[in-house]
Each structure stands twice: as structure tokens, then as C-alpha cells.
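Each chain, letter by letter, is given below.
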Amino acid sequence: MLKFSRGIDQERAAAAGGLKQIAFARGAAAAAQPSRLPTLVATAATVAVLYFAREVFLPLAIAILLTFALAPLVSRLRRVGCPRSVAVIGTVTTAFLFLSAFGVIIAMQVSEVAQNLPTYQYNIVEKVRTLKETGSESQILERIGRVIERIGTEISRPEPEVRASPEPAPEPEPKPLLVEIFSPQRPVETLKNIINPLLGPLATTGLVIVVVIFMLFEREELRDRFIRLVGYGDLHRTTEALQDAGARVGRYLLMQLVVNITYGIPLAVGLLLLGIPNAVLWGMLAIVLRFVPYIGPVIAAALPLFLAFAAAPGWSLLVWTAALFIVLELLSNNVVEPWLYGSRTGLSPLAIIVAAIFWAWLWGPVGLVLSTPLTVCLVVLGRHVPQFEFLEILLGNEPVLDPKERLYQRLLAGDPDEATDNAEDMLEEKYLVEFYDTVAIPALLLAERDRARGALTNAQAAQIAQSANTLIANLEEIAGEEEGEEETDAEAQENDGDDADEYDLPPGDGKSVLCVGGRSDLDDVTASMLAQTLWIQGADAAHADHEVLKAGNIKALKLEGRNAVVLSVLDRDFMRHAKFTVRRLKRMAPAARVGIVLWQEDGRPGITEKEELVESLQADFVVFGMGDAVREALSDEMPRSLKIAHPKIAPGYAMRRSKRTDRGSTVKADS
């Protein structure tokens, strides 16, 4: 009894120790996973600081972006031999003089447009009257006008006073007259009223100029300080981030300026030829407004269209102006921007819109203009700083899922149509065999791993298999096109390099191959892919599901005339009993080569391990990829002879067996 109680105590102690180890392991795993809460808190705090201190950070942001834009010009002047002070002062002075002249011209043109607006009143009234006459039958405009007028009357009507007794209303008292006293202002006060509204913009402009000059003077010093402050422990990553940010922002600003100029100058010339007043103003505004993504081009087109509506009595000028904008937009979007490929920023279209809304809320109209370059800096930060990786995922235009992961997700969602569309896009650059080997089979391997660890149910696995079979059927037309292709030159293989050698497959004319799934529906899908690839090579290829390998069904396999039988397997556990399946198939088809393709994406075993696996399974070949599977299935090598292992019999059992045999022969002789 004492021993039994000690055993129970030991088991309890062991269980408690095991629970402590499990708890420790879970705690260590939880500690190993970084929490995103500090990052979110830091992001929220940064946004709050940028919002409440925008008077400080807005000029600084403008200065930094102008420094990015002017730094290449300063560096080019330095390489020519110009002193640093002359290069910096000359570049900044030229840039701000150009911007000042640009602003003065726009202000003069806007003033001229404001003075000419009353002259367009007659044309506007006549066109509105024409629109009313056009809709006289339905009288939509008149009805809308009467409704608005009635609502305005009701709103402006005073409420009647409610009296308790029916006394006669007193006579209204006369309202006092308003008297406004005008006193002449002194010249100093007049000058003060003019200068006060200009002090803020002038001070901001001067501050930006000073900051840009100092940043260009101490650019290398600022870079070193930033590296020491942020990334001294990882100089490579910090240097790469700085170079990436500078290159992206500088390239964007320069290329966007070139694109806008190639749009604004033809627009001004076209509007001038059409007779639109102040055509130079609209061309210059188009250059500036097109820095604002999506919204800027609309505003730049709306103002000249309204002027075309008001300037001429007819409708032809409006139509020609709209046609001019449509032609310029098509040329800019389809010719100029693709030609200037460097204007790409690495941002997704949705991210550009969201960034424009965010920066406009944060810093107003100036933030709207600066939204794209500032967001580019955030994407660069997310690319090189692990804590802010979510910024690149949310805002970047690079795919966040590998092709295999994307295909697996579509198959898991039961959407073979989108999977087919993605496959067709990839098949424009690669052959079907390469797509199956590098995308489709790895996607099925992801599904098999999820199934093995219990994350994938049988219903989901069946759904993936069904969607994958639909994908294979949808790609049959492309397979037929590849089957009819004949390579007439060797340039394609030279351009493909190693991939061309890997997928340089032999012809399969006159060969007959059967591909069989190993043990699941996913294996059946891989067998179908292999059979389709063999058919492209010209072989008579067929596939069968894994159910035929069962003891009661395997005899129904038609193996006559087959040159090879290939077992397609995703699960390594199949190799435990694969030897019996291989031996049975070799007995049924002794003239066929029987092999196994154990699909693996990486980490394929070496030649020695591969040969040991072949010997232990008594297979003709064991391969791990699509290219090797096709070569072995279409190989002209003879099949290996099946080694029959004779069982060892104990001496006593052999003596008793011989005695029984002798006794049986004696009985037969007596009879």
C-alpha cells in the first residue's frame, strides 16, 4: 500500500512538472511574439502631435520635400566643380524666384478673370433660359425653382405671437434707423490692413527658404546624425532606407513635374487656339493642381469648362474644350506616364486616395498637395523598419501574398474562376509545367500541411480538390495550345537560362503513362496535373484516383500497354506502406516502370538518400518535382526486376513439414 501511494505521488509530481513546463513554454512563446499595442499607441501619439503642432511641422515637411527635390541639382553642380555655397544658394534662389514668378502670374490672371466675369452674365442667362425652354414640357427647372422659393419664404416668415386674451394688437413701433459712421483711415492703418494678411504666408515662406538652405548645406551631417540616432546598430538597413526614400521622393517630384508640364503647356496652347480667355492661367493651374491625386485634374478641368460655358453664346466652344481635355488625359495617362516609368511611387491607387483624405484632414490644402510624397516616406519606413511593416502592407502596391498562397486562398474559398484568371496572367510569362511546379503544387502542399496539423477539415480539403480540378479543366485550352507549339529557335531557352534547362522535357510520342493519386483527394489533383503535363509532351496520359489502390479495386486497373505507372503523393506518411503498392503494381505490369513522385517545394534529398529510397521501395524511380517526374515517366530505361524475398523457415518447422509430406505420400501409396 505504501509503494502504491508513493507511485501516485510521483505521478502527480511528474504531472505538475509537465504542466509547469507547458505553461513556461506558452509564456515563452507569448513573450517571443511582439505586441503591436506599443506600435499603435506610438502611431496615434504621432498623429496627435502632427495635428496639434501643424504650424511647426507643416513648414518643416515642405522644406524636407523641397530638399529632396533640389538635392540632385546641388549634387550635379558640385560634381561640375561649383563650390557648395554657390551651388546651394544659386539653386534655392532660382527655385524660389521661379515659384514667386509663377505665383505672381497666377494672381494677375485670377484678378483679370474676376474683372471679366460680369461680361459673361448675359451668355450664362441665355444658356439657362435655353435649358429651361428645352425642358418646358416637363418644366423640371421651373418646379425646382418654385419649390426652393416656397421653402425660402416659409423659413423667412416670422412666427405669430400667441396672446392669452383677445386684446387688440398694439400698433407697431417704428424701427430705429441704423446709422454707420465712416471715419477716414490714416495711411499707416491702411498699410497695416494690407500687410497683416500677408505676414503669415511671408513668414512661412521665409522659414521654408532658411530651412531648405541649411538642410542642403548640412545634408551629410544630418544624414549621419539620423543614422546615429535611429539605426547605428544596423548601418546597412538605415543607409538603404535613406537612399530609398530620397530616390523615390525625388524621382516622384521630378517626374510628376515633367508629366504636369507636358500636360499644362499643350493645354494652354489648345485653350488659346480655341479662344478661351486667360488660357495661360488654366495651363499653369493644371501644372499645380495635378500634383493633387485624382481631385486635382478634375478641378483643373472644371474651371476652363465653366469659362467655355460662359464666354461664348453657343455650345460648340464647350464641346471642343471638353474634347481637348479628354485627348490630353488619354495621351498623358497612356503615353507620357508609361514612358516616364520612374514616376511610379510604389503606392496602391486606394492608398493614394486614403492618404489624400488623411493629409487634407491633418494639414488642410497644403497637406493634400503633399499627401503622395509624405505617404511614400511612410511606405519606405514600413519596408525597412519591422515595427512599421504594416504601413507597407496597407499602402504599398507590391503583392502581399506569394502566388502559391494566393492560389491556395482562392481554392480554399471555392473560387476557381479568380484562380483561373490569376493563372492565365502568370501563364503569359511561363509555361504550364512551370506554373504547376512552382505555384500549383506548392499551394496544394500548403493545404496538405494544414490537413496534417488538423487545421483543414475533410470538407475543406474536398472543396480545395474540387476547385483545383475545375482550374485544371479551365487550363485545358492553354495546355492544348502548348501541346501544338513547336520550338523553332533556341533563343527562348537562352533567355530562360536555368529554368529552360530545368523544364527542357523529352517528347512523349508513343508513350503511355498512368498517373495515380496516393492516398487523398489532393493527391488525385496532383496526378491530374502530372497527366496533363505528360499529355502536353505528346504522351498518352491518364490519371486515376487513390481509391483504385485499395485491395478490392487495384485488380480493375488497366495496365496493359503502359510504359510507366506514377504514384503522385503529397503526404510523406504514404512512404511507409508504399513498398507493398509498388510491388503489387510491378507484378500486375512487369513491363512498366513504376515510380513515385513525392512532391516537395524545397529541401529535396540528395542523390545518396534518393538511391536508398529507391532500393527500399523497390521502385524504378523516386522523384520530387514536376520536371524529374516527366523525364522519368517518359524514360526509355528498362524496369527493374522485382526482388522476391524468400522467408526464413525454422529447422523444426521444416522437419515437421517434411514428415507430413512423407506421411501423405505413404498414405497415397497404400491406397
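Heads up: the structure comes first, above all this text.
Residues numbered from 1 in each chain as written. Predicted model: local features only at pLDDT ≥ 70, side-chain atom pairs only at ≥ 80, totals over all residues. Heavy atoms only, no water.

1. Some details on a nonpolar patch on the surface
Consideration 1: A contiguous nonpolar patch, built from Tyr294, Ile295, Ile299, Leu303, Ile353 and Ile357 and spanning about 540 Å² of accessible area, is present on the exposed surface.
Consideration 2: Where the nonpolar patch is concerned, the elements lending two or more residues are α11 (295-311) and α13 (349-384).
Consideration 3: In terms of residues, the nonpolar patch owes the most to one element, α11, which gives three residues.
Consideration 4: Residue position: Ile353 is located in helix α13. (Patch = residues over 30% accessible without salt bridge, like charges linked within 9 Å, V, L, I, M, F, W, Y side chains within 5 Å. Areas by Shrake-Rupley, 256 points an atom, 1.4 Å probe, with all protein chains shown as cover. Salt bridge = Lys/Arg side-chain N within 4 Å of Asp/Glu carboxyl O. Helix = DSSP H or I, 4+ residues; strand = E, 2+ residues; numbered from the N terminus.)

2. A few points about the packing of helix α4 (residues 84-116) against helix α10 (residues 279-289)
Consideration 1: Between α4 and α10, the shortest axis-to-axis distance is 10 Å and the interhelical angle comes to 130 degrees. By the angle between their axes, α4 is oblique relative to α10. Crossing of α4 against α10: the hand is left-handed. Contact with α4, carried on its side by Phe102, Ile105, Ile106, Gln109, Val110 and Val113, involves Leu281, Trp282, Met284, Leu285 and Val288 of α10 and no other residues of that element. (Axes fitted to C-alpha atoms, helices over the stretch in contact; angles between N-to-C directions. Parallel < 35°, antiparallel > 145°, perpendicular 65-115°, else oblique. Left-handed = near helix turned anticlockwise from the far one by under 90°. Contact = heavy atoms within 4.5 Å.)

3. Observations concerning the pattern of salt bridges
Consideration 1: Counted under the stated rule, the structure contains 14 salt bridges.
Consideration 2: For the salt bridge of Glu448 with Arg451, the shortest nitrogen-to-oxygen distance reads 2.4 Å. Separated by three residues within a single helix, Glu448 and Arg451 lie in helix α17 (residues 432-452), roughly one turn from each other.
Consideration 3: According to the relative accessible area criterion, Glu448 is buried, its value standing at 5%.
Consideration 4: Between Asp636 and Lys511 there is a salt bridge, with the nearest N and O atoms lying 2.6 Å from each other. Of this pair, Asp636 sits in the loop between α25 (626-633) and α26 (651-670) while Lys511 is found in the loop between α21 (498-502) and β1 (512-517), placing the two residues 125 residues apart along the sequence.
Consideration 5: Of the residues examined, Asp636 reaches a relative accessible area of 66% and is grouped as exposed.
Consideration 6: Relative accessible area serves as the criterion here: at 15%, Lys511 is assigned to the buried category.
Consideration 7: Sharing partners across several salt bridges, the network here consists of Glu448, Arg451, Arg519 and Asp571. (Buried < 20%, exposed > 50% of the residue type's maximum accessible area, 1.4 Å probe, protein only.)

4. Re the side chain of Gln256
Consideration 1: By the element assignment, Gln256 lies in helix α9 (residues 235-274).
Consideration 2: Assessed through its relative accessible area of 12%, Gln256 is described here as buried.
Consideration 3: Residue contacts for Gln256: discarding those within four places in its chain leaves Arg251, Arg290 and Phe291.

5. Focus: the side chain of Ser371
Consideration 1: Considering the arrangement of structural elements, one finds Ser371 in helix α13.
Consideration 2: Apart from the residues lying within four places of it in its own chain, the contact partners of Ser371 are Pro293, Ala355, Ala356 and Trp359.

6. Quick word on helix α23 (residues 578-588)
Consideration 1: Among the residues of α23, those classed as buried are Ala578, Thr581, Val582, Leu585 and Lys586. Take α23 and look down its axis: the buried residues cluster within an arc of 130 degrees, on one side only. Opposite the buried face of α23, by more than 90 degrees, sit the exposed residues Phe580 and Arg587. (Arc of directions from axis to C-beta.)

7. Focus: the packing of helix α16 (residues 416-426) against helix α18 (residues 458-474)
Consideration 1: Contact geometry for α16 and α18: axes closest at 9 Å, N-to-C directions at 45 degrees. Comparing their axes, α18 and α16 come out oblique. Considering only the axes of α16 and α18, their crossing is right-handed. Within the contact between the two elements, α16 uses Pro416, Ala419, Thr420 and Ala423 and α18 uses Ser467, Thr470, Leu471 and Asn474.

8. Focus on the sheet that holds strand β5 (residues 621-623)
Consideration 1: Reading across from one edge, β2-β1-β3-β4-β5 is the order of the five strands in this open sheet, with parallel pairing throughout. For this open sheet the edge positions go to β2 (540-544) and β5, each flanked by a neighbour on one side alone. Averaged over neighbouring strand pairs, the angle between their axes works out to 20 degrees when direction is ignored.
Consideration 2: Of the pairings in the sheet, the one linking strand β4 (residues 593-598) to β5 comprises three bridges and is parallel in character. Each bridged residue has a counterpart across the sheet, and for Val597 the counterpart in β5 is Val623.
Consideration 3: Against the sheet, helix α22 (residues 521-536) contacts β1, β2, β3 (564-569) and β4, and its axis sits at roughly 165 degrees relative to β1. (Pairing = 2+ DSSP bridges.)

9. A few points about the packing of aromatic side chains
Consideration 1: The tally for this structure, following the rule as stated, stands at seven aromatic pairs.
Consideration 2: Between Trp359 and Trp363, the ring centres sit 5.3 Å apart and the planes meet at 50 degrees, which makes this aromatic pair tilted. Of this pair, Trp359 and Trp363 both sit in helix α13, four residues apart, which is roughly one turn of that helix.
Consideration 3: Using a relative accessible area of 6% as the deciding quantity, one classes Trp359 as buried.
Consideration 4: Overall, the relative accessible area of 8% leaves Trp363 in the buried class.
Consideration 5: In this structure an aromatic cluster arises from ring pairing among Tyr51, Phe52, Phe358, Trp359, Trp361 and Trp363.
Consideration 6: Positioned above the aromatic ring of Tyr51, the side-chain terminus of Arg54 is 4.6 Å from the ring centre. (Phe/Tyr/Trp six-rings, centres within 6.5 Å; stacked < 30°, edge-to-face > 60°. Lys NZ or Arg CZ within 6 Å of the ring centre and 35° of its normal.)

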